[in-house]
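Coordinates in review
One-letter residues, chain by chain:
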Amino acid sequence: MSNKAILNIENLSISFGKKEEKQRVVDKLSFSIFPAKTLGIVGESGSGKSITSLCTMGLLHPSAIVESGSIIFQSNQFHETDLLSLNDRQMQKVRGKEIAMIFQEPMTSLNPVLKCGEQIAEAIRIHQKKNGKEAYKEVIRWFEEVKLPRPEEIYNSYPHQLSGGQKQRVMIAMAMCCEPQLLIADEPTTALDVTVQKQILKLIKQLQEKHGMAVIFITHDLGVVAEIADEVLVMQAGKKVESGSTQKIFTAAEHSYTKGLIACRPPMDYRLKRLPTVSDFLQMGDQTVEEYLKPLKISSKEREQQLEKVLNEKTLLKVDNLKTHFPIKKGVFRKTVGYVKAVDGVSFEVQKGEALGLVGESGCGKTTLGRSILNLIPPSSGEVIFEGTNIASLNSERLRKYRKEIQLIFQDPYSSLNPKMRIGAAILEPMQVHKVEKNDKIRKEKVIELMETVGLKADQFNRYPHEFSGGQRQRICIARALALSPKFIICDESVSALDVSVQAQVLNLLNDLKTQFGFTYIFISHDLSVVKYMSDRMIVMQNGKIVESGIAEEVYENPKQLYTQQLIESIPTIKLAEKV
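Position labels on residues start from 1 in each chain and follow its written sequence. Local features in a predicted model are, by the rule used here, given only for residues with pLDDT of at least 70; side-chain atom pairs are given and counted only at 80 or more, and totals for whole chains, interfaces and linings are based on all residues. As a convention, hydrogens and water are excluded, and side-chain values are obtained from all of the structure's heavy atoms.

This part takes up the sheet that holds strand S1 (residues 7-16). With antiparallel pairing, the 4 strands of this open sheet are ordered in space as S2-S1-S4-S5. Of all the strands in the sheet, just strand S2 (23-33) and strand S5 (79-82) have a single pairing partner and so form its edges. Ignoring which end each strand starts from, the neighbouring axes of this sheet average 10° apart. Where strand S4 (residues 64-75) lies against S5, 4 bridges are found, and the strand directions are antiparallel. Across the sheet, Ser75 pairs through a bridge with His79, a residue of S5. For this analysis, residues touch if any pair of their heavy atoms sits within 4.5 Å. Interaxial angle, 0 to 180 degrees, is taken between N-to-C directions of lines fitted to C-alpha atoms, where a helix line uses only the stretch in contact. The helix count covers DSSP runs of H or I at least four residues long, the strand count covers runs of E at least two residues long, and both are numbered beginning at the N terminus. Lying over the sheet, helix H1 (residues 49-57) contacts S1, S2 and S4, oriented at roughly 110° with respect to S1. At least two DSSP bridges between two strands are needed for those strands to be called paired.

Okay, structure coming up:
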């Protein structure tokens, strides 16, 4: 193994905008990475992680300005060269062949109108000068290497026909097919289930060991970094705040920002009254992390009292033997040949004021169950009884009133907000539909009050969704759900794609609102640590059925089913952080 860095970034500064509007997004950044090593780059959204990787790949937006610095790469074609000095034609020879990148969202990175295999074969034909037959064999070999089932079938499949984990494996195969010296993985597991995430991390590590490549792994999840990285670089607001070996960062972090990122994630071995955020740790002063967390911890006696109070409340929602099946149709006449049993005989109750966690992998039926409760997807059979009324018996007018009582917060706040509608109008609209308050003047006053409740400002009323960060957009969706003063809220993966610190803020907000307004929640997620923190009781789903349920702590500490044990074992943990 060479002792020379394969990539050396020195004093890199990148900005957007001109003159007074200029904003520096990467500020005098320097770091190196060596062959066969993994560098984890961590930080919140907006810290400059992805911009740095795009600059390395020569994929910066034309409006970006590289103010200073160099990116020295040990190229097989151009020897030791500054990537910033290469023209587009030269960079095309490096990109894909010597430096490859796995992007965060495979669905937007893959061409939806091209078959998956063809997209990889194209890269092989261009960089390795192989003919169609040779390229096909190479694609099949790589599909086998990344452990995709039925490689020939997936070669001829379109991206929408594959699961999230399978699409990400296709992206890894595409990045690896030319055996690059450097692989940049930009948040490749953020929106994946913990079990699929574990498989992807293991796969990247195996491919690295086999081919001896260097890996830059970009993420905001320090649990993932602890499992895969040799070195860690922590970024905040475009600057490097701390770097060192993984062992050093997680056992002896020096900067408050790093300590905050480590402690923001919901802990698995104890329960907190509220989650600390990065800003809390920046104001921590001389306190240790343990000293800061001590008054936030809930004792076992306090927890018992909380559970006793909640579980003795009256039943607000009862789901009895609910089934939601989708027909599989084939042939010219679209004959039904079978059914996808998305929800298959599910029964449970939710008490007033309770937070019920619903956990499981993608495709287990969590989201379909949530939407069937709201009758957004009509169930095939079974009963949903809310406050003693079976919703199947409701006509359209009464069903509208029922939906006023139960609100849904979606996973992706950007796609659930109308991009052409100002956020004040988006929050006000359901109040108009359901005739809440006398007129729009009173409604607007309530909207502003709700915005302030969720941590937004009144002067943001007339802004559009694209003007907000992911965390702020999720707050807008929460305010919209609160506008009708519901009794019951279903949170469907509502913090899955957020940074750990923003996630902590949103979870704290949901808990505060639960205390303030007495809401009842169903909290749907594939992240067991988040579900455990938010829930009083927990339900584990697999293949449309409930496989395990109970008090959240009991399910986590003493799982009875193998599937639940696998979910728990797959959670990335910061094993080195015990000394922090």
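Before going further, it helps to examine the packing of aromatic side chains. Ring pairs are drawn from Phe, Tyr and Trp, using the six-membered ring of Trp, whenever the two centres fall within 6.5 Å, and their geometry is named by plane angle: stacked under 30 degrees, edge-to-face over 60, tilted for the rest. Overall, the coordinates contain 5 aromatic pairs when judged by the stated rule. Taking 5.6 Å as the distance between ring centres and 75° as the angle between the ring planes, the aromatic pair formed by Phe386 and Tyr402 counts as edge-to-face. In this pair, Phe386 is assigned in strand S14 (residues 381-386) and Tyr402 in helix H16 (residues 396-405), connecting sequence segments 16 residues apart. Judged on exposure class, the residue Phe386 and its partner Tyr402 are both buried. Ring plane angle 80° and centroid distance 6.4 Å describe the contact between Phe386 and Phe488, whose orientation is recorded as edge-to-face. Of this pair, Phe386 sits in strand S14 while Phe488 sits in strand S17 (residues 488-492), and the two are 102 residues apart along the sequence. Both residues of the pair, Phe386 and Phe488, belong to the buried class. Feature note: the residues Phe386, Tyr402 and Phe488 constitute an aromatic cluster, connected by ring pairs. We call a charge positioned over a ring when the NZ of a Lys or the CZ of an Arg lies within 6 Å of the ring centre and within 35 degrees of the ring normal. Stacked on the ring of Tyr270, the Lys or Arg Lys297 has its end atom at 4.3 Å from the ring centre. Across from the ring centre of Phe461, 4.8 Å away, lies the NZ or CZ of Lys444, which sits over that ring. Buried, partly exposed and exposed residues are distinguished by accessible area as a fraction of the type maximum, computed with a 1.4 Å probe on protein chains only: under 20%, between the cut-offs, and over 50%, respectively.

This part is about the nonpolar core. Among the buried residues, those of types Ala, Val, Leu, Ile, Met, Phe, Trp, Tyr and Cys that are joined through side-chain atoms within 4.5 Å form a nonpolar core. Ile478, Leu510, Phe523 and Leu528 are the most contacted members of the largest nonpolar core, which has 64 residues in total. If sequence neighbours within four positions are ignored, Leu510 has contacts with Ile409, Ile478, Cys491, Tyr521, Phe523 and Met534. In terms of nonpolar packing, the next biggest core, distinct from the first, is built from 40 residues, Ile102, Val146, Leu183 and Leu192 among them.

Non-glycine residue Ala36 carries a positive phi angle of around 65°. Positionally, Ala36 belongs in the loop between S2 and strand S3 (38-42). Classification of Ala36 as partly exposed rests on a relative accessible area of 32%. A positive phi angle, near 55°, is found at Lys129, a position not held by glycine. Mapped onto the secondary structure, Lys129 falls in the loop between helix H4 (116-128) and helix H5 (132-145).

Within the open sheet, the 4 strands sit side by side as S12-S11-S14-S15. Their pairing is antiparallel. Looking along the sheet, the strands with just one partner apiece sit at the ends: strand S12 (335-351) and strand S15 (389-390). Bridging between strand S11 (residues 315-330) and S12 involves 13 bridges; their strand directions are antiparallel. In the sheet register, Ile328 faces S12, and the bridge partner there is Gly338. Helix H15 (residues 366-373) contacts S11, S12 and S14 of the sheet and is inclined by roughly 115° relative to S11.

On the surface, a cluster of positive charge is contributed by Arg89, Lys93, Lys97 and Lys129. By the secondary structure assignment, Lys93 is in helix H2 (residues 88-94). Exposure remark for Lys93: the relative accessible area of 45% places this residue in the partly exposed category. What makes a patch is a set of residues exposed beyond 30% relative accessible area and free of salt bridges, joined within 9 Å when like-charged and within 5 Å when nonpolar (Val, Leu, Ile, Met, Phe, Trp, Tyr). Accessible areas in this description were obtained via Shrake-Rupley with a 1.4 Å probe; residue shielding takes into account the shown protein chains only. We define a salt bridge as a side-chain nitrogen of Lys or Arg found within 4 Å of a carboxyl oxygen belonging to Asp or Glu. When charges are counted, neither His nor the chain ends are considered; positive counts come from Lys and Arg and negative counts from Asp and Glu. Each charge is placed at NZ for Lys, CZ for Arg, CG for Asp and CD for Glu.

Bringing helix H8 (residues 194-211) into the picture now. End to end, H8 covers 26 Å across 18 residues, agreeing with the expected 26 Å (1.5 Å per residue, within 8%). Within H8, burial applies to Val194, Thr195, Val196, Gln197, Ile200, Leu201, Leu203, Ile204, Leu207 and Gln208. Trailing H8 by a residue or two, Gly212 shows a phi angle of about 65°, which is positive. Here the expected length of a helix is defined as 1.5 Å per residue gap, with one fewer gap than residues.

By definition, pLDDT measures how confident the predictor is in each residue, and it falls between 0 and 100. Model confidence for the protein is summarised by a mean pLDDT of 87, while 97% of its residues fall at 70 or above. For the stretch residues 576-580, pLDDT sits under 50, and the model shows 11 contacts to residues farther than four places along the chain or on other chains.

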